[in-house]
Amino acid sequence: MLPCPSLLYDLLYDFSIQFHSLSSKQFFFKRIRNFQMREFLFLLFIVSPVSGKPQKDPRGPNIIDETADFGTPEHDNRVHTELTELTGPEIARLIGSDYFNGSVLPCDNETAPGQWMVYCSGRLLQAVMAVKLYPDSKTFVDQPMKVNRTGESIMEHFEKRFPKPIEEISKKEVAEFVDEFFDKEGNELDVCELPDWKPITEKLAQIKDDTYLAFAQRLHFIWIQLCRQMKPEVKEDPSRFSLIYVPYQFILPGGRFREFYYWDAYWIVKGLIASELYSTARMMILNFAHIIETYGFIPNGGRVYYLRRSQPPFFAPMVYEYYLATQDTQLVMDMIPVIEKEYIFWSQRRSVNITLETQEFNETVRMFQYHTEADTPRPESFREDVLSAEPFTTKSKKRSFFKDIGSAAESGWDFSSRWFKDHKNLTTIETTNIVPVDLNAFLCYNMNIMQFFYQLAGNPLKHMEWSSRLANFRQDFTKVFYVPVRKGWYDYNLRTGSHNTDFFPSNAAPLFAQCYDPLNSQLAVDVYNQMENSGAFSMSGGIPTSMHKETNQQWDYPNGWSPLNHMIIEGLRKSLNPTLQQKAFVLAQKWLETNMQTFNVSNAMWEKYNVQEPQGKLATGGEYEVQAGFGWTNGAALDLIMTYSDRLEYKGPLLEGLVGTPPPHKSSSSSSSSSSSSTSESSSTVIPSSTTGSSSKLLAIITVTIFYFLF
């Protein structure tokens, strides 16, 4: 009988969280009897240095933000305090206003015929948001309708029971109605087993440094926790669910994100490849192909309320990365028409003409931008959007605001000073006036991949077509985004006809996508120097998302995100300049140490980090608390570890949560390099090198692996 990784993880969780009390020990050993000996042996190896609680860290207690919640409450998210002077009834009246008639809804009778009246519009949605039924607005729109209920019948019952205005409906009444007609969120998915998961892989075994090896093993194990598959009823009765059906299992981000997400999946796929989970990566690609064939594009995430917006186009890069790892040419052949279909979506529904004025003549070029059609509050953040739009007094201004909000969400950067006129306040958002450098770089990358795929397919005509498209687009890209005096690429503003030359990691997207002539290595050097001069590389925990402070937005300073750090690192690594390649390695070390050291004290990977603090506190800002999991953080870290597996060497403080506590030994001479601020206790102990206990660690791996496959 083959091992059961999901059950193994379940057992691990019970052990690591509950083993600290006698009753928990009894519970644990009662469960042990239900598992095979080889699973138990491997479990002991994995959990031996682990505690379910944050570990004591030699750097002190302040690595974790005091406001961070490591628990998992029933509804696992907390939004920030609402900054409004309105009373409860005033908020309810505002939320109960008409936002739907004459508007473009996030989903409608054409895209979600059985669900739109519940999840994308209607008085029930407004009532739930008006009474703030849940701390997180997303909770309600993720709840499935009960068996034998339909959207139409639920709305009929609601209108019959509550003919009164929204502000007169109590929270108790709304709660009773929801309990009567809806199931709990998240129950439409099953935990799944990864068919290709192995406890130890050839790639991971190549990691030379023991601490990084231990960290990579823990990340490799997290994939089991994040695997999900649709329950049969989602396919059989889709109108009961906001969840969009996909045929294969997938890796979700984690936390409040109970569905697949588009651009997250690129880094998840990169991590799966690093873990040699090729079948799982392939299934994720096939799921997205199914979505494109069904809807013509990939929505923001796997819910019907996302059907009016996409996310950065990384489907073609996923297929490309999978091909590089597996040489599966048949999948490439199958995906070529699907990639073309998605490209048509961006060309027809997300492009804009830009007139470039010169002294000699005017030239019009066509570029891409984020621009959702929906102009109502986002269902998953309905209350937040309505309150944010309160300062606008006309319906047209509110609709423009909601469209810009949704378009920023389509970018993945929701929200950032990058989209604000004044670089400070959300109410000045103007996403639809901005032509983003990163989106256009990503689609440039798509074109490059397509010309390569057609060459691989032996189709010279289509290869030449896409090669020509790429060459022309690169020229136009440079004309629109490159600013010679600032020696870099920057977002272009249609309203002002100028560029935003502030630092954002998106400025480096052309390096990552290679939407420039790689032989022009000085250009890459100039871009690096501009970013360095901004102070973006001076943070001890990684690269921040901007240098704009005090916006309280999650895609701003001091927060650092895995995809952005990874893109800059990869962009520098791909350059032909050895100095920039070394800079990439240094930045990778910094980001990985933030991930690793925070994991050591929290026993989790996180969506984002505060890179200003030493070794990275958890990030804050935005509409929800920082989430644990976390798909793209795991994936980016695993990919970077494998990229530099022969060079990485951890020299920081001992990470007991990863490698355990070595036997004490005498310190060297009193001329230790301990800082003057160190306590007498810490200065009397020499922190062991990362090679401490390497032979015993290797022996443990070999022993457990042998027993794992023998029993």
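Just above sits the structure.
Residues numbered from 1 in each chain as written. Predicted model: local features only at pLDDT ≥ 70, side-chain atom pairs only at ≥ 80, totals over all residues. Heavy atoms only, no water.

Considerations on the overall build of the protein chain
Okay, so step 1: Helix and strand content of the protein chain: 28 helices and 13 strands.
Okay, so step 2: Burial analysis of the protein chain (711 residues in total) assigns 58% to the buried set.
Okay, so step 3: Taking all contacts inside the protein chain whose residues are at least 6 apart in sequence as the whole, residues at least 24 apart take part in 74%.
Okay, so step 4: For the protein chain, the accessible surface area stands at approximately 28,800 Å², while carbon and sulfur atoms represent 51% of it. (Helix = DSSP H or I, 4+ residues; strand = E, 2+ residues; numbered from the N terminus. Buried < 20%, exposed > 50% of the residue type's maximum accessible area, 1.4 Å probe, protein only. Contact = heavy atoms within 4.5 Å. Areas by Shrake-Rupley, 256 points an atom, 1.4 Å probe, with all protein chains shown as cover.)

Some points on the packing of helix α19 (residues 437–456) against helix α20 (residues 460–481)
Okay, so step 1: One can describe the packing of α19 onto α20 by two numbers: an axis separation of 8 Å at closest approach and a directional angle of 160°. The angle between the axes of α19 and α20 places the two elements in the roughly antiparallel class. For the element pair α19 and α20, the recorded crossing hand is left-handed. Contacts between α19 and α20 involve Val-437, Asn-440, Ala-441, Cys-444, Met-447, Asn-448, Met-450, Gln-451, Tyr-454 and Gln-455 from the first element and Lys-462, His-463, Trp-466, Ser-467, Arg-469, Leu-470, Phe-473, Arg-474, Phe-477 and Phe-481 from the second.
Okay, so step 2: Along the lines of polarity and charge, the residues of the contact of α19 with α20 split into 11 nonpolar, 6 polar and 3 charged. (Axes fitted to C-alpha atoms, helices over the stretch in contact; angles between N-to-C directions. Parallel < 35°, antiparallel > 145°, perpendicular 65-115°, else oblique. Left-handed = near helix turned anticlockwise from the far one by under 90°. Nonpolar A, V, L, I, M, F, W, Y, C, P; charged D, E, K, R; others polar.)

Examining the packing of aromatic side chains
Okay, so step 1: One pass over the structure, following the stated rule, counts 54 aromatic pairs.
Okay, so step 2: For the ring pair Tyr-212 and Tyr-650, a centre distance of 6.5 Å and an interplane angle of 80° mean the geometry is edge-to-face. Of this pair, Tyr-212 sits in helix α11 (residues 210–226) while Tyr-650 is found in the loop between α25 (631–643) and α26 (656–659), placing the two residues 438 residues apart along the sequence.
Okay, so step 3: Exposure remark for Tyr-650: the relative accessible area of 4% places this residue in the buried category.
Okay, so step 4: Sitting over the face of the ring of Phe-585, Arg-647 holds its NZ or CZ atom 3.8 Å from the ring centroid. (Phe/Tyr/Trp six-rings, centres within 6.5 Å; stacked < 30°, edge-to-face > 60°. Lys NZ or Arg CZ within 6 Å of the ring centre and 35° of its normal.)

Looking at the sheet that holds strand β6 (residues 434–435)
Okay, so step 1: Sheet architecture is open: 3 strands sit in the order β6-β9-β10, paired in antiparallel fashion. Because the sheet does not close on itself, it has two edges, and the strands there are β6 and β10 (498–500).
Okay, so step 2: Across 2 bridges, β6 lies against strand β9 (residues 491–493) in antiparallel orientation. Within β9, the residue paired with Ile-434 across the bridge is Asn-493. (Pairing = 2+ DSSP bridges.)

Points about the state of the cysteines
Okay, so step 1: Evaluated as defined, the whole model comprises 3 disulfides.
Okay, so step 2: Between the sulfur atoms of Cys-444 and its disulfide partner Cys-515 the distance amounts to 2.2 Å. The S-S bond linking Cys-444 to Cys-515 shows a torsion near 95°; that makes this disulfide right-handed. Here Cys-515 lies in the loop between α21 (509–513) and α22 (521–533) and Cys-444 lies in helix α19, a separation of 71 residues in the sequence. (Disulfide = S-S within 2.5 Å.)

Regarding the sheet that holds strand β3 (residues 250–251)
Okay, so step 1: Spatial ordering of the open sheet is given by β1-β2-β3, a layout of 3 strands whose pairing is antiparallel. Of all strands in the sheet, those with a lone pairing partner are β1 (189–191) and β3, marking the two edges.
Okay, so step 2: Relative to β3, strand β2 (residues 227–230) runs antiparallel, the two sharing 2 bridges. Looking at β3, one finds that Cys-227 is bridged to Ile-251.

Let's talk about the packing of helix α23 (residues 562–574) against helix α24 (residues 578–602)
To characterise two packed helices, one gives the angle between the axes of the helices and the distance between these axes.
Okay, so step 1: Viewed as axis vectors pointing N to C, α23 and α24 meet at an angle of 155°, and their least axial separation amounts to 7 Å. The pairing of α23 with α24 is recorded here as roughly antiparallel in orientation. In the packing of α23 onto α24, the handedness of the crossing is left-handed. Counted together, Ser-562, Asn-565, Ile-568, Ile-569, Leu-572 and Arg-573 of α23 and Leu-580, Gln-581, Lys-583, Ala-584, Leu-587, Ala-588, Trp-591 and Asn-595 of α24 form the full contact between these two elements.

Focus: the pattern of salt bridges
Okay, so step 1: With the rule as written, the count across this model stands at 35 salt bridges.
Okay, so step 2: Residue Asp-491 is joined to Arg-418 by a salt bridge in which the shortest nitrogen-to-oxygen separation is 2.6 Å. Placement of Asp-491 in strand β9 and of Arg-418 in the loop between α18 (395–411) and β6 is noted, with a sequence separation of 73 residues between them.
Okay, so step 3: With relative accessibility at 4%, the residue Asp-491 sits in the buried group.
Okay, so step 4: Using a relative accessible area of 1% as the deciding quantity, one classes Arg-418 as buried.
Okay, so step 5: Here the residues in one salt-bridge network are Lys-138, Asp-142, Glu-188, Arg-258, Glu-259 and Arg-303, joined through shared partners. (Salt bridge = Lys/Arg side-chain N within 4 Å of Asp/Glu carboxyl O.)

A look at α22
Residues that lie three or four places apart on an α-helix share one face, since the helix turns once every 3.6 residues.
Okay, so step 1: Between its first and last C-alpha atoms α22 spans 18 Å; for 13 residues at 1.5 Å apiece the expected length is 18 Å, and the two agree.
Okay, so step 2: Buried residues of α22: Leu-523, Ala-524, Val-525, Asp-526, Val-527, Tyr-528 and Met-531, and no others.
Okay, so step 3: Of the surrounding secondary structure, the elements contacted by the buried residues of α22 are β7 (482–483), β8 (488–489), α21, α23 and α24.
Okay, so step 4: Immediately downstream of α22, the backbone of Gly-535 shows phi near 90°, a positive value. (Expected span 1.5 Å × (residues − 1).)

Let's talk about the pairing of strand β5 (residues 362–368)
Okay, so step 1: Sheet topology places strand β4 (residues 351–357) next to β5; 7 bridges connect them, and they run antiparallel. Within the sheet, the bridge partner assigned to Asn-353 lies in β5 and is Arg-366.
Okay, so step 2: The hairpin formed by β4 and β5 contains 4 residues between the paired strands.

Concerning the nonpolar core
Okay, so step 1: Formed by 207 residues in total, the largest nonpolar core has its most connected members in Phe-140, Phe-182, Phe-315 and Met-335.
Okay, so step 2: By residue number, the principal contributor to this core is α19, which donates 12 residues.
Okay, so step 3: When neighbours within four sequence positions are excluded, Phe-315 is seen to be in contact with Tyr-262, Ile-285, Phe-288, Ala-289, Ile-292, Ile-298, Met-335, Val-338, Ile-339 and Glu-342. (Core = buried A, V, L, I, M, F, W, Y, C linked by side-chain atoms within 4.5 Å.)

Let's talk about α11
Okay, so step 1: The first and last C-alpha atoms of α11 sit 25 Å apart over 17 residues, in line with the 24 Å expected at 1.5 Å per residue.
Okay, so step 2: In terms of burial, α11 is largely enclosed, as 16 of its 17 residues are buried.
Okay, so step 3: Two or three places before Thr-211, at the start of α11, stands the capping residue Asp-209, its side-chain oxygen 3.0 Å from that residue's backbone nitrogen. (Polar contact = N/O pair within 3.5 Å; in protein donor to acceptor, adjacent residues only side chain to side chain.)

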